Amino acid sequence: VSDVIVVGGGPAGLAVAAELAPTHSVIVVERSPELGGAWATDANVRILQSATVVRWDGDAAIVVGRNGTQRLPARRLVIATGVRPSTLAELGVLGTRPAGIVATPSALRLLESGVLLGRRVAVVGTGWSADAVVDCVVAQGSLAIEVGEDVDGWRPFVVAGRTRVESLGLVRGHRRREVRCDAIVLADDRQPRRNVDGAVSAGGHGVAFVPTPEANAPTAAVIEAARRVAHDIIDTLPRSDDDVRPILAEKGHAHP
Amino acid sequence: MCTIKFLVTPQATSIRPSHADLDVAVIGGGILGVSIALRVSTTTASVGLFEADADLAAGASKGNAGVATSYFAPPGTREASYVTTSSPRWEDICGRLAVAFRRCGALVVAFTGEEVEALRGDLELARRAGARAELVDGARARALEPLLSDRVVGALHLPDEGVIDSIGLVFATAELAALNGAKIHRDACVIGLEAQADGTTSVVTTRGVWRARFVVNAAGLGVGEVNRLAGGEPIHVTPRRGQYWVLDRAWEGRAMSTIVVPAVGPGPGTRGPQVVPTISGSILLGPTVDDVDDPGDTSTDEQRLSYAWEACSATIPDVVRGVRIKAFAANRVAIGDESAHLRRDALVPNLFLAANRAIGVSCSPAMAEEMLELLRGSGLDAPDRPDASDRLPGRALDDRDDVVCTCQGVTAGAIEESLGGEVAASSVAGVRKRTRAMTGRCQGADCFDEVCRRIAGHLECSLEDVLFAGVGTEIGMRRE
């Protein structure tokens, strides 16, 4: 049994792990083959990459990856998976569902691979992701149109276009207007990313969430929030010496 | 012979102007079309299916509540007989096709004594139609579904109602039909049906021409157009739009087990929008009902979806705490007042109609069976083949795999599998329909690009040429 499983190997997840490592045994599970953020090897931390926590049973995490499905018993689960953009439904946007609507981070990775998502691209939201999308779109020679309530008070509410996106309707009070566009990128990054069944809403047994940062919060603020989550765990979860040794033996890549 | 000049498409250049004869041409790749194709494929007859869209399950078979009903219409009607015949078969059918199904039961709920009295009439009708049914009081109804509103004073309990993966059912049925020799043609829009002197029909499609002895019109919203092309009876089709909300399966830790339907809906004699605990765990609210002019109009609107939201939160108050992850709409086929239509055309002797307004899934096994009997009675000499397969071969997915869609737990292997087989996905929407990738709470924000990459890899095309759905939906636009 580990003390803590941390879902997400970004700055927040690694900060939680680093903070806990001196006293608690920790497993960090990261979906991608890479970790994000500064990392100091610590004996008490085991890292699983290219692995996905799909479920939390209250006393164990179910992890799927190239090494098969594993059940990892643990006392606590920390969700440090960051934020994702609001979906059309969360934004309250109805209408049609044509081709040409993509959300970050998928949209950003496609743009970075050279895919021309559109020539007139409506970018919904403000913040780091939206800025990065705008930069890519402009660099491709296309027009980026920044929209969203937090941009200028106009709220997107309806998509038009059968096959491809033709326009995004905006509303402000009783006024309505239409932005002609051939692609829409959802990039407001306002929603907590909650992907682990059993740890989606607050109140799951043994689950702690690194809080969703304010829009445009610097990484330092995210790391600070993560540290606070770690300290709450340190304060409430007695360390379990017995369990440290087997994990060390198992992992093999970090030695005390 | 046919002298149609094809529109020059990349596909058209490679096809021969004429194809081998078919015993049965089925037009339409929705649940009725594939079910009929499957049933015919297990006989000695040859069968081809033609779908105008880029993929199967393009219309109402894609956008429905995923309910396999046990009671829909009064006793003595064809709908009642189709439902009653089909309903007991679902465990068996879904077991053989590896399609998810759960017999969860339904509560048709009443808020007043008057509504309860009206349900007594429904109870009698349901029993006479062959469905199991009982009237329960509010307390018993809440015992069956703890999330039910305190205001419910009574309900008609239909224990045999089920939820089903209705889209998966279409693909699994088509896959089995194809394994039994049916030819499934997609992007094959029928543009002509020409009666030949020998009594056969030339089925002219955007993919080529086939000679068929029998033509089954299961074209959904296109049944009127297909009949017109064939010179058959005029059919007036009204697209009837249904709009739905999808709620995330994570719902403050509470699970719902039973389908809940208000006994009284917006119009006289109608039920209200249902709350459906789907087989994927998400909760579906709807449908709303409105007739539209344009069969391609599947847009959603605030006014009707607000009604669905209000009506559903009256039956299940906790709905308001659910997270809405998607709104969608689809159009079903309204022809006159009846729900099910299955008959031989009065004008064209080798043309047959199969249509259903609201409960296509629930009727499909029985309608497929009856269609085969009708064809046999009309001269199709096709006994069942003892060597025909009645099940899909077992699929063992390796669990040593990357998870691509985390919200729905869809692995890379499952996506690769959807890109293979007899009725392979060839677009993002195709993968989504077959695997449920991108249908969870982030709606593909995290995995859309990876799905595109896997499609590109499988089809050996460039990333920008990957199609979102049909023609003209490349994810990357052409550079000037």
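These notes cover the structure that comes with them. (Residues numbered from 1 in each chain as written. Chains lettered and ligands numbered in written order. Predicted model: local features only at pLDDT ≥ 70, side-chain atom pairs only at ≥ 80, totals over all residues. Heavy atoms only, no water.)

Concerning the packing of aromatic side chains
Residues and elements named next belong to chain B. Under the counting rule described, the total for this entry stands at 5 aromatic pairs over all chains. Taking the centre distance of 4.8 Å and the plane angle of 15 degrees together, the rings of Tyr244 and Phe328 count as stacked. In this pair, Tyr244 is assigned in strand 13 (residues 238-247) and Phe328 in strand 18 (residues 324-334), connecting sequence segments 84 residues apart. We classify Tyr244 as buried; its relative accessible area is 4%. Between Arg324 and the ring centre of Trp245, over which it is positioned, the NZ or CZ distance is 4.6 Å. (Phe/Tyr/Trp six-rings, centres within 6.5 Å; stacked < 30°, edge-to-face > 60°. Helix = DSSP H or I, 4+ residues; strand = E, 2+ residues; numbered from the N terminus. Buried < 20%, exposed > 50% of the residue type's maximum accessible area, 1.4 Å probe, protein only. Lys NZ or Arg CZ within 6 Å of the ring centre and 35° of its normal.)

Notes on the interface of chain B and chain A
A common measure of how large an interface is: the accessible area buried when the components associate. If you look at the interface, chain B gives 52 residues, while chain A gives 47 residues. Between chain B and chain A the total buried area reaches about 3,900 Å² when both faces are included, carbon and sulfur atoms providing 49% of it. Counting across the interface, chain B meets chain A through 6 salt bridges. With a shortest N-O distance of 2.7 Å, B:Asp446 and A:Arg193 are connected by a salt bridge. Our enumeration of links across chain B and chain A arrives at 24 residue pairs in polar contact (both at pLDDT 80 or more). (Contact = heavy atoms within 4.5 Å. Buried area = accessible area lost by both parts, 1.4 Å probe. Salt bridge = Lys/Arg side-chain N within 4 Å of Asp/Glu carboxyl O. Polar contact = N/O pair within 3.5 Å; in protein donor to acceptor, adjacent residues only side chain to side chain.)

Notes on the sheet that holds strand 10 (residues 120-124) of chain A
Residues and elements named next belong to chain A. Taken in spatial order, the 4 strands make up an open sheet running 9-15-10-11, and their pairing is parallel. A single partner strand is all that each edge strand has here, and the edge strands are strand 9 (101-103) and strand 11 (143-147). Averaged over all adjacent pairs, the angle separating strand axes in this sheet is 25 degrees, with direction ignored. Bridge analysis of strand 10 against strand 11 gives 5 bridges, and the strand direction is parallel. (Pairing = 2+ DSSP bridges. Axes fitted to C-alpha atoms, helices over the stretch in contact; angles between N-to-C directions.)

Remarks on the environment of A:Ser50
Within the secondary structure, A:Ser50 is located in the loop between strand 3 (45-48) and strand 4 (51-56). For A:Ser50 and A:Glu30, which are 20 residues apart along the polypeptide, the C-alpha to C-alpha distance reads 6.2 Å. Contacts of A:Ser50, omitting those with residues within four sequence positions, involve A:Glu30, A:Arg31, A:Ser32, A:Pro33, A:Gly65, A:Arg66 and B:Asp402.

Quick notes on unusual backbone geometry
Going from A:Thr104 to A:Pro105, the amide bond is cis rather than trans, its omega being 5 degrees. Secondary-structure assignment places A:Pro105 in the loop between strand 9 and helix 3 (106-112). Note the cis peptide between B:Gly286 and B:Pro287, where omega equals 0 degrees. Along the chain, the position of B:Pro287 falls in the loop between strand 16 (283-286) and strand 17 (290-291). Despite not being glycine, B:Gln443 shows a phi value in the positive range, around 55 degrees. On the secondary structure map, B:Gln443 appears in the loop between helix 11 (428-435) and helix 12 (448-459).

Describing the state of the cysteines
Residue and element names in this part refer to chain B. Under the definition given, this model contains 0 disulfides over all chains. Free of any disulfide, Cys312 has its nearest cysteine sulfur in Cys104, 15 Å distant. Judged by its relative accessible area of 0%, Cys312 falls in the buried class. Between Cys447, a free cysteine, and Cys405, which holds the nearest cysteine sulfur, the sulfur-to-sulfur gap is 4.3 Å. (Disulfide = S-S within 2.5 Å.)

Concerning the nonpolar core
A:Leu168, A:Ile184 and B:Phe448 are the most contacted members of the largest nonpolar core, which has 62 residues in total. The dominant element in this core, judged by the number of residues it contributes, is helix 4 (residues 128-139) of chain A, at 6 residues. Sequence-distant contacts of B:Phe448, defined by excluding residues within four places in its chain, comprise A:Val102, A:Ser106, A:Leu110, B:Val428, B:Met438, B:Phe468 and B:Ile475. Counting residues in each nonpolar core, the second largest holds 55 residues, with B:Leu56, B:Ile167, B:Ala354 and B:Leu372 among its members. (Core = buried A, V, L, I, M, F, W, Y, C linked by side-chain atoms within 4.5 Å.)

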